[in-house]
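Now for the letters of each chain:
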Amino acid sequence: MDALVVKNLYKNYGEIVALDGINFTVRDGEIFGLIGPNGAGKTTTLRIISTLLSISSGEIKVFGKDVATESNEVRKIISYLPEDAGAYKNLTGRAYLDFIASFFADGEARREMVRYGMEVADLGDRIDSKVETYSKGMMRRLLIARAIMAKPKFAILDEVTSGLDVVNAFEIREIIQKIAKSGVSILLSSHNMFEVEYLCDRVALIDHGKVVLEGTPAGLKQRYGANNIEEVFTKAVSP
Amino acid sequence: MNHLYNLIKKEVKELLTPASVLPIVVMALVFASLGNLTGTAISESQESSATLAVINLDPTAENDSYAAFAIEVMAAYNVTLVYNGTSASEIEDALQAMKDQGAAALLIFDENFTTSIKAGEKAAIQVYWNMKGTGLFDSLSSAPVYNTLNVISSAITMELIEGQGSIVDAANATAPLVTYSNTILGDKEMIGIDPMTVSGLLDSQNMMMPILIMIIIVMVGGIIISSMGMEKENKTLETLLTLPVNRTTIVAGKLIGSASVGLVFGLIYMVGMAYYMQGFNLASADYDLAQYGLSLDLLDWAILALMMFMAILCALGLCMILGAFAKNYKAAQSLTLPISFLAMVPMFIVMFTDFNTLPLFLQVLVFAIPFSHPMMGMNNLMFDNTLLVYGGMVYLTVFTLATIFITVRLYKSDILLTGFRFKKDGSAMSLMKGLRRSRKV
C-alpha cells in the first residue's frame, strides 16, 4: 500500500488559489521531497496532509485513511514537524517528550517511548534542562525525537534543517536516514537542494500550486541534462 | 491515558510559574498592607483624642473666662496638651513644642475671646496646623482637631443657653429631635439602621467584588491570549493539533487549565483585597451584617464561586476566540483590550449604582456583559434578587457554551492557522464563512 496518495488537491482562500490540482504519491518506506520556490504551496500541502487545514476539493489518503473524513485515525499514524517549531519553554526536554508520549501510550509503553525519544535526541544531561535554555540545534533534535518517538508510519518534515549550522544539519540528516531505515515513510520539504538530492528517493517540484515535475533525483538530472537538482529546479521554474 | 488531564496539567504547568504567581502574591500583599495602613490611619483619626498646644491670650479672670472654660472642656475630652501658655511671646516656643512632640495644632485663644462671646459676637481661635505630609491619609490627622473645636463650640453654646435660665437641658435644646431609623430595601426590613449605614456596611463588597472580578478577568484573559500567541509563535499549536486527540478535548484542556489558574489567582487577590477593604470598614464595625439578614450562607457562597468560575470561563472563551486571530505573542497583547473594556464597564456601573435603579438600556447592557453577574452577585444574593441571580446563571451558562462552541469550531477551522484572509477586492472573508468551513476533526 502507498504511504500517501494525493489526488486532484485544490485549496482556495477566498478567490486566492493556493493549490491548483496537485497529484503525487509517496511509496511505503521512501523519503519523498517536495521542492519549490517560496509561496509555491509546499507548506499548505504539508499542513493539509497533517489534518491542520481543510481540503477545498480533492482527496488525500495516508495508508488508506482519508484525511478529510478519518482525520483522527490519520493523526494516530502520522507525525508532523513544522518549520521553526518550538516546544513548551517551561518544560524540561524530558517532560516535553513525556507530555507528547502521554497521547500515544500509557505505563511502561509510555516510559519506553520517552526512553527512545531521549536516545534519538541525544541531549545527555541537558534533557533535564528547561527547553527555553536550548540552542536551535538542541531544540531541533528534541523536536525530531518528539516527531518519531511514537514510531509513526508516516513523518512529515517541513524545512527540517533550516537555520541550522553545518554540523547540526548533518546530524539531523543522519537521524532522518536512520528513521527511514527503520521503516518510516517520510515526506519532507526543503529549500536545500543538496539535502534533497542526498536524502530523497524521489522528489516533486511544486510551482504556483501545481506539481510541475516528479521523479528520482538521478532521473530528473538526466531529463534536464543538469549536474544537480538545483540546476533542474532553476530550469524547471524558469519562464 | 487521559488526554484531557494531560492537557490541563500542561496548561497549568505553563501558566502557573513562579514568574506569573509572584506578581500576584506581591500585589495581594501590597493590597493587604495598604488596607492595614488605611485602617490604622482611619482608626487613629476616629479613636484618638487630639494632641495640641494651647496659648490663652484672653486676660479675663479664670472663673469668668470662656477661653479657660474651653481649655477645661478640652481636658475633659482627653486632649493632650504639649504646651499651655498665656503670652503672645510664647508663640515660637509653643510652635516648637508642637513640632517636637508631634502635636496636631497650636490653638491661640484671642485676647477678646470672652468679651466677644459676651457681646454676642463670634470669638476667634487662631489655629496653626502641623501638616505632616501631602498624602491622602496625612489629612486624617486634622480630624481630631476639628472634633475638639466642635466639642468646644457646642460646650460654649450649651453654657450660653443654660445661662439664659429658661432652658433646663441645653443638650436637648440644641438637638430637640431623636430619630430611630428602620430601612426597607426590597423585601428586607432592617430595624435600627439607616440607609447611610446600610450603604456604608455594603461598601466593602460593592467595591471589592467588581474590582476583584475585573482584575481576574483582565489577568486571566491576558494569560490565555498571550499563551495562544506564544503557541502560534512557537508553532506548538500546530504540533498539538496534529496529535491524536480531538479538538474539543484540546479546547476543554486549555479552558479548564486556565480557569483553574484564574481561580487560584482570584483567591490570592481575594485575600489581599479583603484585608484592603477591611481598612475602610472600621466605621461599621459596630454593626453585624447577619443581624440585618445581609449575610451569605454556604449555598450563596457556592453560587457566587460558581458564577465567578463561569465568568472566568466566558472570559477565557472570548479570549480564545480573540487569541485565534493573534499571529504572535506581540499581536496577542493588544487583543486583551476589548476584554479589559468589557470588564471595566460593568465594574464602574456596579460599583457606583444599583442594577435596579439603572435605566433600561443600561440594565440590558449590564446584563449582557457576562462579567457583571458575579460582580453584583453578592448583593443580589443578600437581597434575594433570585430572578437576577438565576437569570444571570442561565445567561452565563448559555454564554459559556456559546463561546466554547465557537472556540471549538475555530479550532476545527483554518482560521486558527491562517487568520483572516482577504479577497482580491480587499474585503475580509467573514468569520462565519470561515467557521462554516470547519471540518469534522
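Here the structure is a predicted model, which means the values were calculated and not measured.

Novice: How should I be thinking about the interface of chain B and chain A in this particular structure?
Specialist: Note on interface size: it is often stated as the accessible area lost on association of the parts. Taken together, the contact between chain B and chain A spans 34 residues of the former and 37 residues of the latter. Here chain B packs against chain A, burying approximately 3,500 Å² in sum over the two surfaces, 57% of which is carbon and sulfur. Our count for the contact surface shared by chain B and chain A stands at two salt bridges. Notably, a salt bridge pairs Glu238(B) with Arg47(A), separated by 2.8 Å at the nearest N-O pair. Linking chain B with chain A are eight residue pairs in polar contact (both at pLDDT 80 or more), by the criterion used here. Ranked by residue count, the leading element in the side of chain B that touches chain A is helix α1 (residues 3-15) of chain B, at six residues. Each residue belonging to the side of chain B that touches chain A can be placed in one class, and the counts come to 12 nonpolar, nine polar and 13 charged.

Novice: I tried to follow the confidence of the model for chain B on my own but got confused; where do I start?
Specialist: Across chain B, pLDDT averages 79, with 81% of residues at or above 70. Segment residues 422-432 of chain B: pLDDT under 50, and 17 contacts once partners within four positions in sequence are set aside and those in other chains are kept.

Novice: What is the right way to read the pattern of salt bridges from this model?
Specialist: Two side chains with opposite charge may pair up if their charged atoms get near one another. Under the defined criterion, the tally for this structure stands at 20 salt bridges over all chains. For Lys10(B), the salt bridge is made with Glu231(B), and the minimal N-O distance between the two is 3.1 Å. With Lys10(B) in helix α1 and Glu231(B) in helix α8 (residues 195-233), the pair connects residues that are 221 residues apart, well separated along the chain. Each member of the pair, Lys10(B) as well as Glu231(B), is classed as buried. Salt bridges here are not isolated pairs; linked through shared partners, they connect Glu108(A), Arg111(A), Glu112(A) and Arg115(A).

Definitions and cut-offs
Residues numbered from 1 in each chain as written. Chains lettered and ligands numbered in written order. Predicted model: local features only at pLDDT ≥ 70, side-chain atom pairs only at ≥ 80, totals over all residues. Heavy atoms only, no water. Contact = heavy atoms within 4.5 Å. Buried area = accessible area lost by both parts, 1.4 Å probe. Salt bridge = Lys/Arg side-chain N within 4 Å of Asp/Glu carboxyl O. Polar contact = N/O pair within 3.5 Å; in protein donor to acceptor, adjacent residues only side chain to side chain. Helix = DSSP H or I, 4+ residues; strand = E, 2+ residues; numbered from the N terminus. Nonpolar A, V, L, I, M, F, W, Y, C, P; charged D, E, K, R; others polar. pLDDT = per-residue confidence, 0-100. Buried < 20%, exposed > 50% of the residue type's maximum accessible area, 1.4 Å probe, protein only.

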